[in-house]
Amino acid sequence: MTETPPVPLPLRRGDGKCPFGPAAEFARLRAEEPVVRVDMPLLLAGEMPVWLVTRYADVREVMGDSDRFSNILNPDVARPDYLVGNPNFYDPPEHTRLRRFLSGDFTLKRVQEMRPRIEEIIEGCLDDMERSGPPTDLIQSFALPVPSLVICELLGVPYDDRADFQRQTNTLIDYSLPLQEQLAAQIEMHGYITGLVRRNRTAPGDNVLGRLVREHGDELSDEELGGIGATMLVGGHETSASMLGLGALLLLQHPEQAALVRDDPEVAGSAVEELMRYLTVAHASLPRRAVVDTVVGGQEVKAGEVVVCALPSANRDEALTADPGRFDVTRRPSPHVGFGFGPHQCLGQQLARLEMRIAFPALLRRFPGLRTAVPLEEIPFRTNAPVQGVERLPLAW
């Protein structure tokens, strides 16, 4: 395959007709140039060309192979303090060790035990919406508060601090900002969580950080606990909030499918998987470094080069499911990569699934006449971040 000059990372969604899907050019890339050079700013490596992998099978190959691909981009540089303990920037066996401390908190059984409290949080947000009356911005009144309250309680983060960690998260994931500003937000968030860890060292709370201190305090440093907590805080609310907002908007564009989600509990589960596949709010996987010279999708990749997987493209590959451009909440769930794949697959995916399975039907039942308060073309989509979403979602009923 002839190497072409790097192209910009395709962040803008939609094909001109539908704003929810990946950029139209991904279909051509999958067919003609499945592994392509792109320019992408990397927080740990600066601006450099990387290989973008677009086909489903190749994406699973890269994400599932820790022997050929490493999550440590600069092995010759000491890990900065603000990334200590963040499982996303470790390889096995250290990555396995860090995930082991949290695995018990996110089993299907443990997550199901949280159902009553999640239902209570969701109903509370809906009560507030009903009292305030229409119109409302669903992002601020529902999509963001629900997962934020859940993860704050789970971690022991004071909910009153949410404005600060939301600001830090927004800065961290805004590709339009200089890398130094993103870095400063990462450092600030790690410092905030490390402060909570120190408080739990003195008086362990009834939360994940408190449990880790009680059960593994002699195995984990404050910095490691801070990295674990910061990763959970960002991952536990940002992607879920984006899915709740964007998913609600998509369902409102398909009222017959929204009615199925509202009325049929069996459909709610398949709907969540279809929403994850169809929307795939994460634009790309974490960057990975080739450990050895290798071949991906017919393209030679040299040791030391960086590879990124286009998750939305993989989930629209016909190798995954037939007619992938059609949204169908009754579709038989497929092994999509909306939560990633392999050793670094999202640890909190069962929690995210449960939040959505409860939230979408509850929202649609509470407000049967729910509708967008402005035309679709006036809704501001977020395009300069690694996670797709809408900035505001004005709704009425």
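Before any of the text, the structure's been laid out above.
Everything quoted here is computed from the prediction, not taken from an experiment.

Novice: Provide a residue-level description of the overall build of the chain, including the pertinent values.
Specialist: From N to C terminus, the chain includes 15 helices and 13 strands. Computed over the C-alpha atoms, the radius of gyration of the chain is 21 Å, within 12% of the 21 Å expected from 2.2 N^0.38 for a compact globule of 397 residues. Judged by the C-alpha coordinates and their principal axes, the chain covers about 60 × 55 × 35 Å. Among the 397 residues that make up the chain, the fraction classed as buried is 56%. A fraction of 72% describes how many contacts in the chain between residues 6 or more apart in sequence connect residues 24 or more apart. For the chain, the exposed surface amounts to about 16,700 Å²; the carbon and sulfur share of it is 51%.

Novice: Any details on the sheet that holds strand 10 (residues 371–372)? Residues and values, ideally.
Specialist: Read across the open sheet, the three strands follow the order 5-13-10; overall the sheet is antiparallel. Two strands in the sheet have a free side with no partner beyond their single neighbour: strand 5 (136–137) and strand 10.

Novice: If you had to explain the environment of Trp397 to someone new, which residues and values would you point to?
Specialist: With respect to the helices and strands, Trp397 occurs in the segment after strand 13 (394–396). Trp397 sits in the partly exposed class, given a relative accessible area of 26%. A C-alpha to C-alpha distance of 49 Å links Trp397 and Ser66, two positions 331 residues apart in sequence. Excluding residues within four positions of it along the chain, Trp397 makes contact with Met129, Gly133, Pro134, Thr136, Phe367, Gly369, Leu370 and Arg371.

Novice: Could you give an account of the nonpolar core, with specific residues and numbers?
Specialist: Ile122, Phe142, Val157, Ile193, Met232, Leu279 and Leu363 are the most contacted members of the largest nonpolar core, which totals 82 residues. The leading source of residues in this core is helix 11 (residues 222–253), at 14 residues. Setting aside residues up to four positions removed in sequence, Ile193 forms contacts with Val157, Leu209, Leu225, Gly226, Gly229, Ala230 and Leu233. Core analysis: the next-biggest nonpolar cluster, separate from the first, contains 18 residues, Val53, Ala282, Ala290 and Val296 among them.

Novice: Could you give an account of helix 13 (residues 265–279), naming the residues involved and the relevant values?
Specialist: With 15 residues, helix 13 should reach 21 Å at 1.5 Å per residue; the first-to-last C-alpha distance of 21 Å fits that figure. Along helix 13, 13 of the 15 residues are buried, which leaves the element largely enclosed by surrounding structure. Looking one or two residues past helix 13, Thr280 carries a phi angle of roughly 40 degrees, positive in sign.

Novice: Requested: an account of the packing of helix 11 against helix 13, with residues and values cited.
Specialist: At their nearest, the axes of helix 11 and helix 13 sit 11 Å apart, and the two run at 95 degrees to each other. When the interaxial angle is binned, helix 11 and helix 13 end up roughly perpendicular. Residue-level inspection shows Met243, Leu246, Gly247 and Leu250 of helix 11 in contact with helix 13, the latter providing Leu275, Met276, Tyr278 and Leu279. Of the residues contributing to the contact of helix 11 with helix 13, the split by class is seven nonpolar, one polar and no charged.

Novice: I'd like to hear about the packing of aromatic side chains, residue by residue, with values.
Specialist: Overall, the coordinates contain three aromatic pairs when judged by the stated rule. Judged by centre distance (6.0 Å) and plane angle (75 degrees), the rings of Phe20 and Phe381 are edge-to-face. With a gap of 361 residues between them, Phe20 in the loop between strand 1 (7–8) and helix 1 (25–32) and Phe381 in strand 11 (residues 381–382) connect regions that are remote in the sequence. Relative accessible area serves as the criterion here: at 3%, Phe20 is assigned to the buried category. Above the plane of the ring of Tyr90 lies Arg79, whose end atom (NZ or CZ) is 3.6 Å from the centre. It is Arg100 that lies over the ring of Phe101; its NZ or CZ is 4.7 Å from the centre.

Scoring rules and cut-offs
- Residues numbered from 1 in each chain as written.
- Predicted model: local features only at pLDDT ≥ 70, side-chain atom pairs only at ≥ 80, totals over all residues.
- Heavy atoms only, no water.
- Helix = DSSP H or I, 4+ residues; strand = E, 2+ residues; numbered from the N terminus.
- Rg over C-alpha atoms; globule rule 2.2 N^0.38 Å.
- Buried < 20%, exposed > 50% of the residue type's maximum accessible area, 1.4 Å probe, protein only.
- Contact = heavy atoms within 4.5 Å.
- Areas by Shrake-Rupley, 256 points an atom, 1.4 Å probe, with all protein chains shown as cover.
- Pairing = 2+ DSSP bridges.
- Core = buried A, V, L, I, M, F, W, Y, C linked by side-chain atoms within 4.5 Å.
- Expected span 1.5 Å × (residues − 1).
- Axes fitted to C-alpha atoms, helices over the stretch in contact; angles between N-to-C directions.
- Parallel < 35°, antiparallel > 145°, perpendicular 65-115°, else oblique.
- Nonpolar A, V, L, I, M, F, W, Y, C, P; charged D, E, K, R; others polar.
- Phe/Tyr/Trp six-rings, centres within 6.5 Å; stacked < 30°, edge-to-face > 60°.
- Lys NZ or Arg CZ within 6 Å of the ring centre and 35° of its normal.

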